[in-house]
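# Descriptive analysis of the structure
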Amino acid sequence: MGIWSNKYSIMNRKKFLFCSMAFTCLLLSACGNREGKLAVSYGRFPAESSLSAETIPLDTALLRYPYRIAVRGGVAVVMDLHPADHFFHAFTCPGGNHIVSFGRRGEGPEELLLGITFHFVSPDSLWILDANRQQITRWRISAAERKAERMEEIAIDPLIVRAMDFCLTGDGFAVPDYTGDCRFHLLDRQGKRIGSRGKIPAQKRRGSKAALAQIKR
């Protein structure tokens, strides 16, 4: 039994050595082929191309995020929600030719911090709300002269908590209330509050009145 076991062990060792050598040869040949492929290099590309650009001036205003539009008297006014320079742009309608860009974004005396909405009554009466400055301004647009003039400035009553919208009334303006005390406030032409309207219905007033106003709106 000992002799047969020694023969079998010697045969198994020979088989193991043969398989190991064969596997090593295959591995070296594969690596040699891969290195040969990676060794290929070029002095220059077989085909070369280049890109070039040309600046073309356009007779128009570039808008980042056109958000609102209104048309009156052959003039279309477009509001840009996220402008680079101006919040508002006027075009001829029909035609779409650029007339003027106005309402420059900035902190200067006649610039807008946040032009959030507008009402276009006529080319002589365009009203803009600056929510951050809490100010309503009236503009005049002249298509013939290609300009927009700031004609009037109205400071909103400081008792009003951040007006985010407005509409024109016979006596002045109406702005929504977000405190929960009422629906909206009435302002005169000088921006002073002259009254409040609209009680919010609720059986139980629990928690924040401002949150209740948002839910009921």
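Anything mentioned here points back to the structure above.
The structure contained in this document is the topic of the report that follows. Not measured: the values here are computed from a predicted model.

### So, the pairing of strand β1 (residues 66-72)
Summarising the sheet, β1 and strand β2 (residues 75-80) pair through six bridges and their orientation is antiparallel. Residue pairing in the sheet places isoleucine 69 in a bridge with valine 78 of β2. In this antiparallel pair of consecutive strands, β1 and β2, the connection spans two residues, and glycine 73 shows a positive phi of 55 degrees.

### Some details on the pairing of strand β11 (residues 184-188)
In terms of burial, β11 is a largely internal element, four of the five residues being buried. Of the strand pairs in this sheet, strand β10 (residues 172-176) and β11 are connected by five bridges, and their pairing is antiparallel. Residue pairing across strands places valine 175 opposite histidine 185, the latter belonging to β11. In the sheet, β11 pairs with strand β12 (residues 193-197) via four bridges, with the strands oriented antiparallel. The residue of β12 that forms the bridge with leucine 187 is arginine 193. Here β11 folds back onto β12 in antiparallel fashion, the turn holding four residues, of which glycine 191 has a positive phi close to 90 degrees.

### Section: the sheet that holds β2
As summarised here, the arrangement of the four strands in space is β1-β2-β3-β4, forming an open sheet in which the pairing is antiparallel. Each edge of the open sheet carries a strand with a single partner, namely β1 and β4 (98-104). Each adjacent strand pair in this sheet contributes to an overall mean axis angle of 20 degrees, direction not counted. Bridge analysis of β2 against strand β3 (residues 86-92) gives five bridges, and the strand direction is antiparallel. What sits directly across from valine 77, in β3, is alanine 90.

### Digging into the sheet that holds strand β5 (residues 115-122)
The strand order across the open sheet formed by four strands is β5-β6-β7-β8, and the pairing between neighbours is antiparallel. Of all strands in the sheet, those bounded by a partner on one side alone are β5 and β8 (147-155). Strand-to-strand twist across the sheet, computed as the mean angle between neighbouring axes with direction ignored, equals 25 degrees. Of the pairings in the sheet, the one linking strand β7 (residues 135-142) to β8 comprises eight bridges and is antiparallel in character. Of the residues in β8, the one forming a bridge with glutamine 135 is alanine 155.

### Some thoughts on the side chain of histidine 89
Residue position: histidine 89 is located in strand β3. Using a relative accessible area of 4% as the deciding quantity, one classes histidine 89 as buried. At 2.7 Å, the side chain of histidine 89 forms a polar contact with the side chain of serine 101.

### A look at the packing of aromatic side chains
In total, this model carries six aromatic pairs according to the counting rule given. Judged by centre distance (6.3 Å) and plane angle (40 degrees), the ring pair of tyrosine 65 and tyrosine 67 falls under tilted. Overall, tyrosine 67 belongs to the partly exposed group, its relative accessible area being 43%. A ring pair is formed by phenylalanine 102 and tryptophan 139, whose centres lie 5.3 Å apart and whose planes are at 45 degrees; its orientation type is tilted. Residue phenylalanine 102 is located in strand β4, and its partner tryptophan 139 is located in strand β7; the two are separated by 37 residues in the primary sequence. The same class applies to phenylalanine 102 and to tryptophan 139, which are both buried.

The rules behind these values
- Residues numbered from 1 in each chain as written.
- Predicted model: local features only at pLDDT ≥ 70, side-chain atom pairs only at ≥ 80, totals over all residues.
- Heavy atoms only, no water.
- Pairing = 2+ DSSP bridges.
- Helix = DSSP H or I, 4+ residues; strand = E, 2+ residues; numbered from the N terminus.
- Buried < 20%, exposed > 50% of the residue type's maximum accessible area, 1.4 Å probe, protein only.
- Axes fitted to C-alpha atoms, helices over the stretch in contact; angles between N-to-C directions.
- Polar contact = N/O pair within 3.5 Å; in protein donor to acceptor, adjacent residues only side chain to side chain.
- Phe/Tyr/Trp six-rings, centres within 6.5 Å; stacked < 30°, edge-to-face > 60°.

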